[in-house]
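Close look at the chain arrangement
Residues per chain are reported as follows:
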Number of protein chains: 2
Amino acid sequence: MPTGKLQVIPLGGLGEFGMNSMALRYNDVMIVIDAGMMFPDSELLGVDVVTPDFAYLKDNREMVRALILTHAHEDHIGGVPYLLSQMNIPVYGTPFTLAMAERRLEEHRLLKDADLNEVEPGDKIELGPFSVHFIRVTHSTVSCVALAITTPLGVVLHTADFKIDQTPIDDEHFDLHAFAEYGKRGVLLLMSDSTNVERPGYSESEKAVRPRLEQIFASATRKLVFSCFSSSIHRIQQILDVAAKYDRKVALLGRSMLATTEISHDLGLLRIPDNLLLRPQDIMDTVPHRVCCIVSGTQGEPMSSLSRVAVDNHKNLSVKAGDTVVLSSRVIPGNEKPIGRMMNHFARRGADLIYGGGGPPVHVSGHGFREELTLILNLVRPKYFMPVHGEYLQLVRHAKLASHLEGNGLESTFIIENGESLVIDEKGARKGEKINTGRICIDSGSLGDVVEDMVIRDRRHLAEDGFVIPVIAIEKATGQVQGLPEIISRGFVSLEESSELLPYAKQLVIKTLESSNAEERSDWGVMQEKIRTDLKRFLNKETQRRPLIVPVILEV
Amino acid sequence: MPTGKLQVIPLGGLGEFGMNSMALRYNDVMIVIDAGMMFPDSELLGVDVVTPDFAYLKDNREMVRALILTHAHEDHIGGVPYLLSQMNIPVYGTPFTLAMAERRLEEHRLLKDADLNEVEPGDKIELGPFSVHFIRVTHSTVSCVALAITTPLGVVLHTADFKIDQTPIDDEHFDLHAFAEYGKRGVLLLMSDSTNVERPGYSESEKAVRPRLEQIFASATRKLVFSCFSSSIHRIQQILDVAAKYDRKVALLGRSMLATTEISHDLGLLRIPDNLLLRPQDIMDTVPHRVCCIVSGTQGEPMSSLSRVAVDNHKNLSVKAGDTVVLSSRVIPGNEKPIGRMMNHFARRGADLIYGGGGPPVHVSGHGFREELTLILNLVRPKYFMPVHGEYLQLVRHAKLASHLEGNGLESTFIIENGESLVIDEKGARKGEKINTGRICIDSGSLGDVVEDMVIRDRRHLAEDGFVIPVIAIEKATGQVQGLPEIISRGFVSLEESSELLPYAKQLVIKTLESSNAEERSDWGVMQEKIRTDLKRFLNKETQRRPLIVPVILEV
C-alpha cells in the first residue's frame, strides 16, 4: 500500500443543509468538489447569501488543482463566483451545470477569465494523483453526476445529490452498473446524500407527477398558472408536453425560468414542441382556456414573478377568478409564512389553488428515500462510509442505516461535520485535524459585501430593542460640557413614550457627568462607559428593554 | 320575525391563524367569544405577544355584557388579561379554562378583581337577549365547549376548536346529540373551525397514539424524555398510564407543564397513579430505565426546559447516549429551524430521537379533518354559514365544502375577515359595515409595553442595514459649526470598511454644510434633511445599503 495520506475536508454542507463544498487532498494535491451557497436564516439580518469560508483553500492555494461540479443546484454551484474570485482554478462539469455556473460568473464579471471544462457522464479525467470518473445519476435537475475518484489508496465514491428514478423523463438512466462495478472491485470510501434518510421506502419517479398534471389540464376551464423550481427541467418538460396535448400555449415568466429553459433548450435537454410558446405580452389577449404559464418564485420570494402576480403587480399576467394556480414544488422549511401569504393573495383573487394534498403527487422529491440509500450502500459495500449532505440528525440516521454492512466489508462509519476532517493512510481511517472553516455572509449578492458577525450581532440587537444615543458636546480646551445633552432614539419606544422618558434620561446623563471627578472627565472612554452603564440601568428598569446605547462625546 | 339587528364582528382569527376573538351584537348588547393571542411572525422584531385591538369593544363599552371562553388554548384565552385590563367584564368558562385564564390574570395582577363564572358543558346562561348553551366538544385539551347562542332572530352555533374524537381518553364524548337537535330545530348561522379543511378524511383519535407509546416504552433501554404541549392533558394522561404499566417513574419539568398538570389534577381531569411521580431533583439518581420525563418546550423556544436540556443546561436532567427523546407534538409553521437545532443537539448527545415518521402516530391533530367538518355541516344544516379560524385560503375551502348544502337549507355562505362584519336582520344576512380592528404588539408580555408599528418599522430598517448618525455641533449664538462633525454607525458595515468610508462621509457633511446658504443654515430641519439626502445617496452608491440616517444638530 502507498504511504501517502488522503484527507477529506468538508467546507460546507455537513451538519447543515446547503452550501455543499468539500476538498479532497492527497499529500500536497487538492481537488474541490462543488462550491455551493445557502440562503440565510432569518436570524442573519440583512444577509442575502451565505457561502463557505474558503480560507483553507486559500491558505493552501498552490495545492488546489480543480473545482469539480456535480450538478447545477445553487447549493452546489452558487458559491463558484466567490471561490473563483479568490483563486482562478479550472472548473469541470457537464455542459448544463457549467452553463448555469456561467450565469453566476457573468453576473460577477468573472466569466471572461474562467477556465471551464466540459465533461460528459462516463468521462474520466486525471488531476495529479486523482482520476475522476463522472457517473450519471438521476435527480430533480438534468445532467447530474456522481464522482468515482481513484486515488493511490483506493476509490472514493461521492454520490452527490441523487434519487434512483427508474423511469426518468429523459430516458437518461442512473448508471447503476458503474456503481455495481466499483462495488465489485472495492471502494475505499463512500460518501452518500443523507437528505431524505428519514423517509421510509422509495421516492416516487418524476413520472408520478404526470397523472396529476393530466388531471389538472383536463379540468381547468380558465388560465393555468404553474410554478416550479426553474432548475426542474424534467418538471417543465412534463408541463410542456401535457400543455401541447391539451392544446394550451405556454408562456414562461421570470428571469430564472427564462434563463434555465433557454440554456436547457440550447443544449437539447428540453424539447419545446413547435408553436407551443406564447409571448408573455400576449397572455392577456389569448382566450384563458388556451393559456398555461410557468412562473418562477415557488418560495414566495418577495421580488419573484409569482409573488408579483399574486398581488396583481405583474405587467404580463393577471390572475382572475376561476384561474388555477399550481405550486409544483416543496415548501422549503422557513418559507411557510411567505408562501402562505402568497397563496392567500391568490385565494382572494378567486383562483383555484393546487398544492400538495391527496391523490397523485403534484411534486416529487429529487433525493432518494431510505431504500434507495440502502441500495447504494449494498451496491458499493465500501470499506469506510461517511454520510454527507444533512444536519447532524440526518448524518447519524444514515450512519445507522449502514450498520447492517458491518461484517460485510464495512469497517467504519464516520460522522464528520464542517471543521473536522477524515484522514486515510496505511494505518486506516480516522478523524483528522480540525480545519478552520466557517461561513461568509454576503449582502446584496455582491462579492465584496461581506457582512461580519459583529455587524450581524449589532443588527440583531437593534432589531430587538432599537438604539439610544446620548450626545454630549465638550469644549476641547477646558473639558467643560457645552449646552445640554441630546438623546436620539429609534426602534426603542413610541414617540409618545420617548417624549416622557427621554427628558429623565437627559437628566440622568447630566447627573452622571456632574458626579464624575476631574480625572474621569478627562478620559472620554471612561465617561462614555459610565454614561452607558447608568443609562442602561435606568432604561431597563423603566421599560424592561435593552436598546443599543452608544454615547457620543463631541469635542467643540 | 323580530325587527332587531344581529351583528357578528370578528376581532381576530379570521383571515389569520391565532388570536381568536369575536363580538356578537344584538341591537345594543354585545357578548365576546374568546380573547386569544398569537405569537408574532419573526418580522415583528422584538415583539413577544400579539393580541387583537379591542378598540371596537372599548368604543362600545357600555354594550359589552360578558366574555365567553370556549377552551384553554392561548389563541383563545391569551388575550384575556389585555381585554380585562380595558374593561372588567364577567367571564364565563369551564373550570379548567378559567383556571388556565387565572394564571395569566395573576401574572398581570388582574385576578383579584376579575369576575369569573364557572359553567359546565350542558349549562345555559342568559345574557340580555342571548341565551348561551355550552355544548361539550372534543379537542386536544380538556373541558372544551361549542356555543349554541339563541338570539331573538334564531340560533347562532359556534363550534370553536374541535375534532370529533369517537374514543376520547376521558370518555367525555362530543355532544353530537345537541348538534343534531339544534340542526333539527333550525340554526340561523353556523360558524365552524376551518383549521384542517385541507386534510381529507377523518382525524385520528387521541387513542391512536397509544400503540406508539407502548412501542416506545417497550423498546427504550434508558431514560425516556417526552415533550408535548402542556395543555395536552389527554396526551399527558396516556404517557402517565403507559409509564405506570411499564414501571417507570415520571418527572414533570417546565413551568407550564407543572402548572397545567397541577390544575388538571386538582380538577379531577388528570389521574396520576399513586407513587408514580418522581421529583425532578431525583431524576439523575434513579436508574435510567426506570425514568420517564415529560418536559415542556416542543417548539424549541430558547428559554424552555426542553431547549435547556438539549444543550445540557438543565439543573435536573441531563440526556446521555442511549436515552430516547420523543416529540409528541406538531411543528408549528415557522418553528422548523429552532426545533431542528434542538433535535440536532440531542442527536449530538447520542440520544435516539422519535418524532413524526412512519408507523402509528406519535401525535394527532386536535382539529377535525374534512369529513368531520362535513358531518357538522350536515348535522346543523344552517341557513347561513360562516367559516371561522383560518387564513383566507382555509375559509374559502371550508365555504366550498359547504356548497353541497345549498338547496338543502343553506341560503348563503359568507367569508368574513377581521375588520368586516356580518349583519342579519329581517331582510336576511349580508356583509355589514367595516369595523376598526387590528393587532396590538406587546413587548416582554407586560400589558403596558405596546410596540407601535412605527417602532417596528424602524427596527426592521435597523435590522436590515443598521444606522448612520452624523452629529454636528453648532454655536447657538452665531449659527457657526463648531469643531468637526462626528459620525456614529452600528450594524452598517464592518469596522474596517467604516474606517475607510466614514472619513469621506464626514467630508461630505462638511461640504453640505458649507454649500448651504445662510437661510438654509438658519433652519435646522432643512439642514438635517439636506445632510440626510446627501449621505443617503453617497452611502447607497458606495455600499448598496440603506442604513437609517438620523442627522443630529447639537446647539452649544
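Thresholds, definitions, all that
Residues numbered from 1 in each chain as written. Chains lettered and ligands numbered in written order. Predicted model: local features only at pLDDT ≥ 70, side-chain atom pairs only at ≥ 80, totals over all residues. Heavy atoms only, no water. Helix = DSSP H or I, 4+ residues; strand = E, 2+ residues; numbered from the N terminus. Buried < 20%, exposed > 50% of the residue type's maximum accessible area, 1.4 Å probe, protein only. Contact = heavy atoms within 4.5 Å. Areas by Shrake-Rupley, 256 points an atom, 1.4 Å probe, with all protein chains shown as cover. Lys, Arg positive; Asp, Glu negative; His and termini not counted. Charge placed at Lys NZ, Arg CZ, Asp CG, Glu CD. Buried area = accessible area lost by both parts, 1.4 Å probe. Salt bridge = Lys/Arg side-chain N within 4 Å of Asp/Glu carboxyl O. Pairing = 2+ DSSP bridges. Axes fitted to C-alpha atoms, helices over the stretch in contact; angles between N-to-C directions. Phe/Tyr/Trp six-rings, centres within 6.5 Å; stacked < 30°, edge-to-face > 60°. Lys NZ or Arg CZ within 6 Å of the ring centre and 35° of its normal. 1 Å grid on protein atoms, 1.4 Å probe; cavity = no way out; pocket = protein on both sides within 12 Å on 5 of 7 lines; lining within 4 Å. Points joined across faces, edges and corners; volume = space filled by probe spheres on them. Nonpolar A, V, L, I, M, F, W, Y, C, P; charged D, E, K, R; others polar. Least-squares fit on C-alpha atoms with pLDDT ≥ 70 in both. Right-handed = clockwise from strand over helix to strand, strands pointing away. Parallel < 35°, antiparallel > 145°, perpendicular 65-115°, else oblique. pLDDT = per-residue confidence, 0-100. Expected span 1.5 Å × (residues − 1).

**Examining the overall build of chain A**
Across its full length, chain A holds 16 helices and 27 strands. Principal axes of the C-alpha set define a box for chain A whose edges measure 85 × 70 × 45 Å. Counting only residues that meet the buried cut, chain A has 58% of its 556 residues in that class. Across chain A, every contact between residues at least 6 apart in sequence was considered, and the portion connecting residues at least 24 apart equals 72%. With the model as given, the accessible surface of chain A reaches about 22100 Å², and the carbon-plus-sulfur share is 48%. The averaged location of the 74 negative side-chain charges in chain A is 3 Å from the averaged location of its 61 positive side-chain charges.

**Considering the interface of chain B and chain A**
Contact with chain B, which involves 66 residues of that partner, is made by 67 residues of chain A. In total, chain B and chain A occlude about 5400 Å² of area from one another, counting both sides; carbon and sulfur atoms represent 52% of this. Summed over the three residues of chain B that lose the most area to chain A, namely L393, R545 and L554 of chain B, the buried surface amounts to 10% of that side. For the interface between chain B and chain A, the tally reads five salt bridges.

**Re the sheet that holds strand β20 (residues 422-425) of chain B**
Residues and elements named next belong to chain B. Strand order across the open sheet formed by eight strands is β7-β6-β5-β3-β2-β1-β20-β21, with mixed pairing between neighbours. Of all strands in the sheet, those bounded by a partner on one side alone are β7 (116-118) and β21 (428-431). Each neighbouring strand pair of the sheet contributes to a mean axis angle of 20°, computed without reference to strand direction. Running over the sheet, helix α4 (residues 95-107) touches β6 (91-93) and β7 and is turned about 160° from β7.

**Re the packing of aromatic side chains**
Across all of its chains, the model carries 13 aromatic pairs over all chains by this definition. For the pair F54 of chain B and Y82 of chain B, a centre-to-centre distance of 6.2 Å together with 35° between the ring planes defines the contact as tilted. Note that F54 of chain B is positioned in the loop between β4 (49-52) and α1 (55-59) and Y82 of chain B in helix α3 (residues 80-84), a separation of 28 residues in sequence. With relative accessibility at 10%, the residue Y82 of chain B sits in the buried group. These aromatic residues form a ring-pair network of at least three members: F162, F174 and F179 of chain A. Geometry around Y182 of chain A places R185 of chain A over its ring, the cationic atom sitting 5.0 Å from the centre.

**Some thoughts on empty space enclosed by the protein**
The gaps left among the atoms become clear once a water-sized probe is rolled over them. All names here are of chain A. Under the criterion given, the structure shown has three cavities of 30 Å³ or more. In this structure, the largest cavity spans a volume of roughly 140 Å³. In terms of lining, the largest cavity is formed by 21 residues, of which the most central are T138, H139, T141, P168 and H234. Those elements that provide at least two residues to the lining of the largest cavity are β9 (130-137) and α7 (233-245). Considered class by class, the residues forming the lining of the largest cavity number six nonpolar, eight polar and seven charged.

**Looking at the relation of the copies chain B and chain A**
Turning chain B through 180° and shifting it by 0.0 Å along the axis lays it on chain A, with an RMSD of 0.0 Å. Both chain copies can therefore be described as sitting about a two-fold axis. Residue A463 of chain B, judged by its C-alpha, is the member of chain B lying nearest the rotation axis, at 2.4 Å.

**A look at the pairing of strand β16 (residues 324-327) of chain A**
Residue and element names in this part refer to chain A. Of the two faces of β16, both are covered, the one formed by T324 and V326 as well as the one formed by V325 and L327. Examined bridge by bridge, β16 and strand β17 (residues 352-354) share three bridges and lie parallel to one another. Across the sheet, T324 pairs through a bridge with D352, a residue of β17. In terms of handedness, the path from β16 via helix α10 (residues 336-348) over to β17 forms a crossover that is right-handed.

**Some points on the packing of helix α5 (residues 176-185) of chain B against helix α11 (residues 370-380) of chain B**
Residues and elements named next belong to chain B. Remark: α5 packs on α11, axes separated minimally by 7 Å, with the N-to-C direction vectors making an angle of 45°. Taken together, the axes of α5 and α11 lie oblique to each other. Between α5 and α11, the residues in contact are L176, F179, A180 and G183 and I376, L379 and V380, respectively. For the contact of α5 with α11, the class distribution of residues is six nonpolar, one polar and no charged.

**With respect to the sheet that holds strand β19 (residues 412-413) of chain B**
All names here are of chain B. Read from one edge to the other, the open sheet built from seven strands follows the order β8-β9-β10-β11-β12-β18-β19, with strand pairing classed as mixed. For this open sheet the edge positions go to β8 (124-127) and β19, each flanked by a neighbour on one side alone. The pairing of strand β12 (residues 189-193) with strand β18 (residues 384-388) spans five bridges and is parallel. From the neighbouring strand, D193 faces β18, where its bridge partner is V388. The sheet strands contacting α11 are β11 (154-158), β12 and β18, and the helix crosses β12 at an angle near 165°. Lying over the sheet, helix α12 (residues 392-401) contacts β12, β18 and β19, oriented at roughly 150° with respect to β18.

**Points about the confidence of the model for chain A**
On average, residues of chain A carry a pLDDT of 92, and 98% of them reach 70 or more. Here the prediction assigns the complex a pTM of 0.86, and the interface score ipTM is 0.80.

**Quick look at helix α4 (residues 95-107) of chain A**
Residue and element names in this part refer to chain A. Given a rise of 1.5 Å per residue, 13 residues ought to cover 18 Å, and the 19 Å separating the end C-alpha atoms of α4 matches this to within 8%. Counting buried positions along α4 yields ten of 13 residues, so the element is predominantly enclosed. Buried within α4 we find P95, F96, T97, L98, A99, M100, A101, R103, R104 and L105. Lining the buried residues of α4 we find α2 (74-77), α3 (80-84), β6 (91-93), β7 (116-118), α7 and α8 (255-266). Among the residues trailing α4, R109 stands out with phi positive, at a value near 55°.

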